[in-house]
Amino acid sequence: MKICIMGQGYIGLPTAALFAKNECDVLGVDVNPEMVDNLNNGKVHIEEPGIVEAIQSALEKKHYKASLTPEEADAFIITVPTPYIKENWSCDLSYVISACESILPFIKKGNVIIIESTIAPMSTDEVIKPIFEEKYVIGEDIFLAHCPERVLPGQIMEELVNNNRIVGGITEKCAEKASDVYRTFVKGEIILTEAKTAELSKCMENTFRDVNIALANELAKIGAEIGVNALDVIEMANKHPRVNLHSPGPGVGGHCLAIDPYFIYAKAPEVAKIIKLARDTNNSMPGFVVETTGKILDKYDKEAEKIAILGVAYKGNTDDDRESPAYNIIAGLESAGYKIEICDPHIEKENFKTLEESVKDASIAIILSDHNQFKDIDYNILIDNMKTPILFDTKNITKKENIPESLIFYNYGNIYELNNL
Ligand code: SAJ
């Protein structure tokens, strides 16, 4: 089988590698000429366990080639980005549309076309189907389906194989034909459905998490307001066999949870009320962190000038800072007049500092990412270097009982004490 994959990013490239490993001939298409050149020379631009070896071996066996333009194939898979449009919270389909238009001249009868990019509900029916319908009868001449990816960065090569997959066809035959393509390497269950159900299912998976995190964040605020340790509440409530309160934090980042709920909201704003409120609640957390920091400094160091930010990645132990709430927190603290120094051991940026440098003369250090380096932080570095040794852990990754007495410590479990002054 020959597969043409449009977009060689975090999903497209691992998918290409897996098809190639399973004896398919894969053409990986991308608009970035430098990336295409590099890929053809075995140079991989994404950090993902197993991907380099897989692409290099596919190149050697001539099962993989990168290109700027598509070619004829049996199946076409679209894995291009779908950013969200900030003005109306909807899904920007322009890359998907242009990928579909660019494969149009190469399509033959019998081809399968699969959209993997996360898209708003109804997009396949209302926007993508019409692109192909002018020339072909969908479900008879060609087969169109939406099959969302659901993998976790860091485990993509393994999860693409073992996770269950939803295949939503425009017709039943479309879903069947698309699932045949995935059976090449997918070991998980393949569930056949309609395109619109697959679209909403993918968006709801991330919305489920976003709403639950919003509930935890609201609980953190309630605890602060009424004087209860919110972290103890979570631990205790979760002893109930059917309760799973999530963890509060500095806000929700990443390219999925912070975006996909808006795709649903934009489609049904009159009814998607909890979804929107959850987004607003999570978006309010950077402001809450800034406000709480102000209260802490008001109590211990009114003359504070410098603040150390420990972590800007939205996800622990990764370099991914897309949509990270850390940047809103930094902006808020800067506009309150503080000088900010940033330490993130996973991100290389010119102005980022080592832990020692970032906390030097600072009046508070705020943990915003759950990196292992901060879980095991050497408190003496803070005590020895800071102007006023205060640690504010918004991710609840440090243990209160291990904190030396000379370090003032706050997390969402004890911030309510600040209201009793
Ligand atoms: N977060 C909290 N509290 C929690 C859990 C997470 O504040 O209890 C925050 C994190 O700090 C982070 C954000 O939420 O800022 C998102 O983190 P995440 O690691 O849960 O999610 P993503 O965006 O990295 O990955 C999600 C996953 N979806 C689900 O778990 C339903 C993943 O499986 C999907 O593949 C991915 O979105 C995607 O591509 O849609």
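Refer to the preceding data block for the structure.
Residues numbered from 1 in each chain as written. Predicted model: local features only at pLDDT ≥ 70, side-chain atom pairs only at ≥ 80, totals over all residues. Heavy atoms only, no water.

### Some thoughts on the sheet that holds strand β2 (residues 25-29)
- If you walk across this open sheet you meet the eight strands as β3-β2-β1-β4-β7-β8-β9-β10, and the pairing is mixed. Here the strands that pair on one side only, and so sit at the sheet edges, are β3 (64-67) and β10 (190-194). Shown here is a sheet whose adjacent strand axes are inclined to one another by a mean of 25°, direction ignored. (Pairing = 2+ DSSP bridges. Helix = DSSP H or I, 4+ residues; strand = E, 2+ residues; numbered from the N terminus. Axes fitted to C-alpha atoms, helices over the stretch in contact; angles between N-to-C directions.)

### Observations regarding the environment of Asp25
- For Asp25, the position within the fold is in strand β2.
- When the C-alpha positions of Asp25 and Tyr416 are compared, they lie 60 Å apart, and in sequence the two are 391 residues distant.
- Beyond its immediate chain neighbours, meaning those up to four positions away, Asp25 contacts Met1, Lys2, Ile3, Lys62 and His63. (Contact = heavy atoms within 4.5 Å.)

### Digging into the nonpolar core
- Of all hydrophobic cores here, the largest spans 79 residues; its most connected members are Phe19, Tyr64, Ile78, Val96, Ile107 and Phe132.
- For this core, the leading source of residues is helix α1 (residues 12-21), giving six residues.
- Core analysis: the next-biggest nonpolar cluster, separate from the first, contains 32 residues, Ile329, Leu333, Ile366 and Ile415 among them. (Core = buried A, V, L, I, M, F, W, Y, C linked by side-chain atoms within 4.5 Å. Buried < 20%, exposed > 50% of the residue type's maximum accessible area, 1.4 Å probe, protein only.)

### Here we look at the site of the ligand
- In the vicinity of the ligand, 19 residues are found, and the nearest of them are Val151, Lys202, Asn206, Ser247 and Lys315.
- Side-chain polar atom of Glu149 to an oxygen atom of the ligand: 3.4 Å apart, as the coordinates give it.
- Taking Gly253, its main chain carries an N or O atom lying 2.9 Å from an oxygen atom of the ligand.
- Coverage of the ligand by the protein chains reaches 84% of its 780 Å² of free accessible surface.
- A breakdown of the residues in the shell around the ligand according to their chemical character gives seven nonpolar, five polar and seven charged. (Near = heavy atom within 4 Å. Polar contact = N/O pair within 3.5 Å; in protein donor to acceptor, adjacent residues only side chain to side chain. Areas by Shrake-Rupley, 256 points an atom, 1.4 Å probe, with all protein chains shown as cover. Nonpolar A, V, L, I, M, F, W, Y, C, P; charged D, E, K, R; others polar.)

### Observations concerning unusual backbone geometry
- Even without glycine at this site, Met122 takes up a positive phi of about 85°.
- Secondary-structure assignment places Met122 in the loop between β7 (112-115) and α5 (123-133).
- Residue class for Met122 comes out partly exposed when judged on its relative accessible area of 27%.
- A positive phi angle, close to 55°, is found at Asn396, a residue other than glycine.

### Remarks on the sheet that holds strand β14 (residues 390-393)
- The five strands are arranged β12-β11-β13-β14-β15 in an open sheet whose pairing can be described as parallel. The strands lining the two open edges of the sheet, one partner per strand, are β12 (339-343) and β15 (408-411). This sheet shows a mean twist of 20° between the axes of neighbouring strands, independent of strand direction.
- With four bridges connecting them, strand β11 (residues 306-310) and strand β13 (residues 364-367) associate as parallel partners. Across the sheet, residue Leu310 finds its bridge partner in β13, namely Ile367.
- Packed on one face of the sheet, helix α12 (residues 285-300) meets β11, β13, β14 and β15 and runs near 160° to β14.
- Running over the sheet, helix α13 (residues 325-335) touches β11, β12 and β13 and is turned about 155° from β12.

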